[in-house]
Amino acid sequence: MPKLLSKKSIIIFIIIIIALMAYFTKDLWTDMLVKSTDLSQLTINNISLNKNIADIDLTAFTKNPDFNDKHTKDADCRYFENFLIVYSSSGEIMKLQTLSKSGFSSIASHKFQNLDDVKNKLGNHFANQSYDSAQNLNAIVYYDKINRTKASFVYPNNNKQDQIVVWTILEKY
């Protein structure tokens, strides 16, 4: 009777499975290993995740003509000139993101413009992650494990001392 699989094939198969599991669970491990940071006061364009969409005067913001708003049965995504907002059908804000250098993230009116600003205000309990290798972008990511919130500060990976934050993404997880 012929052998179906050789020992070498089985070992290669096991290595591939382990590598795939490691790749798909890396964010889970990062979340578990990074200490929690209080992100409850973090805002984007003075809007926080703990607000309901009904409590925000969106007429104060200019629509972004470059993007079309999206609606699904579970969430709505609205694009404004310098940021986007995603909220559930119940009105809970699930995600905020800056879209330009004019959009800003802040805590108590302290605006974050570069990574040093972020680290000085939020501390050193973050994970370094690749954000978009094609655009050569990385991110430092903070987790608020109490409020189940994640803040990503995206920057160009050009090894300059004063790294500019190009986007901030604040979202529930």
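Residues numbered from 1 in each chain as written. Predicted model: local features only at pLDDT ≥ 70, side-chain atom pairs only at ≥ 80, totals over all residues. Heavy atoms only, no water.

Engineer: I'd like a description of the sheet that holds strand β7 (residues 110–111), backed by residues and values.
Structural biologist: Across the sheet, 3 strands lie side by side as β1-β6-β7; this open sheet has antiparallel pairing. The open sheet has two edge strands, β1 (42–44) and β7, and neither has a second partner. (Pairing = 2+ DSSP bridges. Helix = DSSP H or I, 4+ residues; strand = E, 2+ residues; numbered from the N terminus.)

Engineer: I'd like to hear about the pairing of strand β9 (residues 137–144), residue by residue, with values.
Structural biologist: The buried fraction of β9 is high, at 8 of 8 residues. Burial along β9 is two-sided: L137, A139, V141 and Y143 facing one way and N138, I140, Y142 and D144 facing the other are all buried. Connecting strand β8 (residues 127–132) to the antiparallel partner β9 that follows it, the hairpin turn spans 4 residues, and N136 within it adopts a positive phi of roughly 60 degrees. By the bridge criterion, 8 bridges tie β9 to strand β10 (residues 149–156) in an arrangement that is antiparallel. Within β10, the position partnered with Y142 by the bridge is A151. Connecting the antiparallel pair β9 and β10 is a turn made up of 4 residues, with R148 showing a positive phi of about 55 degrees. (Buried < 20%, exposed > 50% of the residue type's maximum accessible area, 1.4 Å probe, protein only.)

Engineer: Which residues make up the pattern of salt bridges, and what values do they have?
Structural biologist: Close approach of charged atoms allows side chains of opposite charge to pair. This model, assessed by the stated rule, comprises 3 salt bridges. Between D69 and R78 there is a salt bridge, with its nearest N and O atoms 3.8 Å apart. Exposure remark for D69: the relative accessible area of 35% places this residue in the partly exposed category. One salt bridge in this structure joins E171 and K150, with 4.0 Å as the shortest N-O distance. Of this pair, E171 sits in strand β11 (residues 167–172) while K150 sits in strand β10, and the two are 21 residues apart along the sequence. (Salt bridge = Lys/Arg side-chain N within 4 Å of Asp/Glu carboxyl O.)

Engineer: Summarise the packing of aromatic side chains; cite the residues concerned and give the values.
Structural biologist: Within the structure shown, the criterion is met by 9 aromatic pairs. Plain terms: the ring middles of F112 and F153 are 5.7 Å apart, the flat faces sit at 80 degrees to each other, and that makes the pair edge-to-face. Of this pair, F112 sits in the loop between β7 and α2 (115–122) while F153 sits in strand β10, and the two are 41 residues apart along the sequence. Each member of the pair, F112 together with F153, is buried. The structure contains a cluster of three or more aromatic residues connected by ring pairs, namely F112, F126, Y142 and F153. Residue placement shows K63 over the ring face of F80; its charged tip is 5.8 Å from the ring centre. The ring of F104 has K111 lying over it, and the distance from NZ or CZ to the ring centre is 4.3 Å. (Phe/Tyr/Trp six-rings, centres within 6.5 Å; stacked < 30°, edge-to-face > 60°. Lys NZ or Arg CZ within 6 Å of the ring centre and 35° of its normal.)

Engineer: Go over α2 with me, naming the residues and quoting the values.
Structural biologist: Within α2, burial applies to L115, D117, V118 and L122. All buried residues of α2 lie within an arc of 160 degrees about the axis, which places them on one face of the element. Residues of α2 that are buried sit in contact with β6 (105–107), β7, β9 and β10. Its side-chain oxygen at 3.1 Å from the backbone nitrogen of D116, N114 defines the N-terminal cap of α2. Positive backbone phi, approximately 95 degrees, marks G123, located one or two places after α2. (Arc of directions from axis to C-beta. Contact = heavy atoms within 4.5 Å. Polar contact = N/O pair within 3.5 Å; in protein donor to acceptor, adjacent residues only side chain to side chain.)

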